[in-house]
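Coordinates in review
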Amino acid sequence: MNNYQIYSDAELLPLIRENKPVCDFAFDTLYKRYSGKLHSYCLFHSKNRVDADTVFHDTWVKFYLNIKSGNKVDNALSFLVTIARNIIIDNARSSSRKMNYITEMTDLTDLKSALPDNQLNENQSELIELIHLAVDSLDEIYKEPFVLKRYYDFSNEEIAKICGETVECIRKRITRATHKVRELIQSYINNEIE
Amino acid sequence: MGEAMNYSDKIVEFLDGDLSAVEENELFSMLAADNSLRGELKSVININSKIRNSSEYYHPSPDITASIYKDLKIDTNLITPNISASARGLSKWNIFSGLLGGAVASMIFLTYIFVFSGNSEVRNVAGNTIDNYPIVSSTEDYQDSEKSFNSDLNSNKNSRIKHVTHENTARLKNTQNVIANYEEQQAVEDKKNISDLFEQKMKPTKTIVLNSNLGSIPLVHNNFVMAFEPNVKHDLLIPIEQNFSKSKIGLSLEINGMANWNLPKETIYPSELGKFNNSGVALFYDLSNSMAIGADLRQETFFVRYNGLDSLKQFFQYQQHSSFTSFGLTARYHALNLNDLKIFSQGNFSTNNYGIIARFAGGAEYYIYPDVSLSLLLEYSHLFFNHQNKWFDTRKIGINYGFNFKF
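Residues numbered from 1 in each chain as written. Chains lettered and ligands numbered in written order. Predicted model: local features only at pLDDT ≥ 70, side-chain atom pairs only at ≥ 80, totals over all residues. Heavy atoms only, no water.

1. Concerning the sheet that holds strand E8 (residues 341–351) of chain B
Residues and elements named next belong to chain B. Read around the closed barrel, the eight strands follow the order E4-E5-E6-E7-E8-E9-E10-E11; overall the barrel is antiparallel. Averaged over all adjacent pairs, the angle separating strand axes in this sheet is 30 degrees, with direction ignored. Relative to strand E5 (residues 279–286), strand E4 (residues 251–263) runs antiparallel, the two sharing seven bridges. Opposite Asn256, over in E5, you have Gly280 as the bridge partner. (Pairing = 2+ DSSP bridges. Helix = DSSP H or I, 4+ residues; strand = E, 2+ residues; numbered from the N terminus. Axes fitted to C-alpha atoms, helices over the stretch in contact; angles between N-to-C directions.)

Here it is, written out as structure tokens:
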């Protein structure tokens, strides 16, 4: 059998338009490659775990159907984030809530259930929770570019395109968000080092 | 404060690669002079690293994954194909087909041994086998021939000759043909000397009656051999025909296994293999001692790489590594025939549901047993196929090894 994991995104995306079982293999490879990152994005930008899962589910379905219909995509993860963002905005509009709200804290138990506990020791688990809370506490206009930069390694240009802002604006927001998060978790990390 | 904040921002921007060369030099100068700034640099590096690492711990639940796959009708049995052992040449089907091919070849070989060959099979000119009247370890009564022999032999009227030991590996000419040839030879030579010699020494003197119901075979031996010495070969000694092989009908069966190298080298591997992958069977008919034609059937794979347009008319490069059943015609020419070794070359034209194949090979047959040989070939195969009204091709070289059974 083929090892689809060695294929790049540019090679996998056209394979989704092929017949079974090739399209299944290609989709499965992309899913495993980006499901974690997309799920973290959905968690950061949703009220709770249930909403995050709904956004996550709808994002993948729309992604698959878009590719199948012939949509040309350069960057799979960027396309996924764009779809998720649009879904979140649509959901916010439909519930008559503005996008510029301070996100409710994600229930820590919901977050914990997403983490493979058997791979984490207690300190690691606590640190991850702390980082998540610190990032989640940011204002939306800072949180989104920060998550895309720190978690997904998007370039400032890609983030600017997704968020609909200028590159300079994105750069400044990322810097400020970094300082904010550092302030929140600095003392914990210092204690860990000591 | 403002300046400190400014340099704190520059630290973050430097780590994100957003500073110009001038700004970097300015920052490094400040870092060299300010301990607290260096501490802040280390802190930001540490936090960025931990945030990036924490992203690995986000996973969707299995339920949501199952829901997505169900809605998109993704076959969960096909999840995560791994590099199979076939990529490393250790597919369980490769091993199985090799063992099965070897077992089939061994069964045919053993069947041939037990059914078609026999111990001490002897037949006389008339075609009767010695099994009907075994003479091993037995003695027979002999009747004098009409012609006389020398006095010593004549005195052994009704003498008994001990058993004739038949050698299974002896190949002898037809007795009547030998006698006829001898008579022709005699006519050419000096009649006087030969006839004297023959009169004195070589005339048939004994007739061995193997079975009173059957004809007799004249036995000729020289007068230096009083007893029949089966292991001594004499020029004119014509013992009973021993262990003739059945006359060849010109048909042979060849069973092969193959090891191949694709040109170009494969980058993907077959999603599944045929049951007898890299195995083949061929039936040959000998047109002459040096020429044979045949038909073959083989299960094989080819790696192909070609260009085309996908369903949306976009340029697409195809790579496939498919498994085929190929049917072909072969012509084999034996360039060199030694006792147990034959060197040959052959050409083959095959077809399958993908395209047409031309093959050229050179090889050797080594006889390990009468009518059974081991064959080894080095083969070049070239596949031609058509896609979207364009012709493409691919090649492979391989080593074929197997058994050849002659009927």
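Here the narrative resumes, following the displayed structure.
2. A short note on the packing of helix H2 (residues 22–44) of chain A against helix H4 (residues 76–94) of chain A
All names here are of chain A. As a packed pair, H2 and H4 sit with axes 10 Å apart at the nearest point and diverge in direction by 35 degrees. Like other packed secondary-structure pairs, H2 and H4 cross with a definite hand, here right-handed. Along the contact surface, H2 presents Leu30, Tyr34, Lys37, Leu38, Tyr41 and Cys42, while H4 presents Ala76, Leu77, Leu80, Val81, Ala84, Arg85 and Ile88. Partitioning the contact of H2 with H4 into residue classes produces 11 nonpolar, no polar and two charged. (Left-handed = near helix turned anticlockwise from the far one by under 90°. Contact = heavy atoms within 4.5 Å. Nonpolar A, V, L, I, M, F, W, Y, C, P; charged D, E, K, R; others polar.)

3. Some details on the packing of aromatic side chains
Each aromatic ring pair is specified by the distance between its two centres and by the angle formed by the two planes. All names here are of chain B. For the structure on display, the rule yields 26 aromatic pairs over all chains. Consider the rings of Tyr306 and Tyr318, whose centres lie 5.1 Å apart with planes at 15 degrees: the pair is stacked. Of the two residues, Tyr306 sits in strand E6 (residues 291–309) while Tyr318 sits in strand E7 (residues 315–337), which places them 12 residues apart along the sequence. A relative accessible area of 6% places Tyr306 in the buried class. An angle of 55 degrees between the planes, with centres 5.1 Å apart, marks the rings of Tyr354 and Phe385 as tilted. Residue Tyr354 is found in the loop between E8 and strand E9 (356–369), and its partner Phe385 is found in strand E10 (residues 372–387); the two are separated by 31 residues along the sequence. (Phe/Tyr/Trp six-rings, centres within 6.5 Å; stacked < 30°, edge-to-face > 60°. Buried < 20%, exposed > 50% of the residue type's maximum accessible area, 1.4 Å probe, protein only.)

4. As for the nonpolar core
Within the largest apolar cluster, 77 residues are counted, with the highest numbers of intra-cluster contacts made by Phe27(A), Trp60(A), Phe63(A), Leu148(A), Tyr151(A), Tyr152(A) and Ile68(B). Per-element tally for this core: the top contributor is H2(A), with 12 residues. Once residues within four sequence positions are removed from consideration, Tyr151(A) is found in contact with Lys37(A), Phe44(A), Ile131(A), Val135(A), Phe146(A), Ile51(B), Ser54(B), Ser55(B) and Tyr58(B). Counting nine residues, the second-largest nonpolar core is a separate cluster that includes Tyr7(B), Leu19(B), Leu27(B) and Val44(B). (Core = buried A, V, L, I, M, F, W, Y, C linked by side-chain atoms within 4.5 Å.)

5. Some words on the packing of helix H3 (residues 49–68) of chain A against helix H4 (residues 62–71) of chain B
Look at H3(A) against H4(B): their axes get within 10 Å of each other, and the N-to-C directions meet at 30 degrees. Judged by the inter-axis angle, H3(A) sits roughly parallel to H4(B). As H3(A) packs across H4(B), the resulting crossing turns out to be right-handed. From H3(A), Asp53(A), Phe56(A), His57(A) and Trp60(A) reach across to H4(B), where they touch Ile64(B), Ser67(B), Ile68(B) and Asp71(B). Looking at side-chain class alone, the contact of H3(A) with H4(B) contains four nonpolar, two polar and two charged residues. (Parallel < 35°, antiparallel > 145°, perpendicular 65-115°, else oblique.)

6. Looking at the confidence of the model for chain A
Residues and elements named next belong to chain A. When pLDDT is averaged along chain A, the result is 82, and 81% of the positions lie at 70 or above. Looking over chain A, one finds the lowest element-wise mean pLDDT in helix H5 (residues 108–114), namely 49, and the highest in H3, namely 93. Segment residues 98–109: pLDDT under 50, and 25 contacts once partners within four positions in sequence are set aside and those in other chains are kept. (pLDDT = per-residue confidence, 0-100.)

7. Some words on the environment of Glu13(B)
When you line up the elements, Glu13(B) lands in helix H1 (residues 2–15). Along the chain, Glu13(B) and Glu24(B) lie 11 residues apart, while their C-alpha atoms are 9.7 Å from each other. Setting aside residues no more than four positions away along its own chain, Glu13(B) makes contact with Arg171(A), Thr175(A), Asp18(B) and Leu19(B). A polar contact is formed between the side chain of Glu13(B) and the side chain of Arg171(A), at a distance of 3.3 Å. (Polar contact = N/O pair within 3.5 Å; in protein donor to acceptor, adjacent residues only side chain to side chain.)

8. Overview of the pairing of E6(B)
Residue and element names in this part refer to chain B. Pairing geometry for E5 and E6, over eight bridges, is antiparallel. When the sheet's bridge partners are listed, Ala282 is paired in E6 with Asp296. From the end of E5 to the start of E6, which pair antiparallel, there are four residues. Pairing of E6 with E7 involves 19 bridges; the strand directions are antiparallel.

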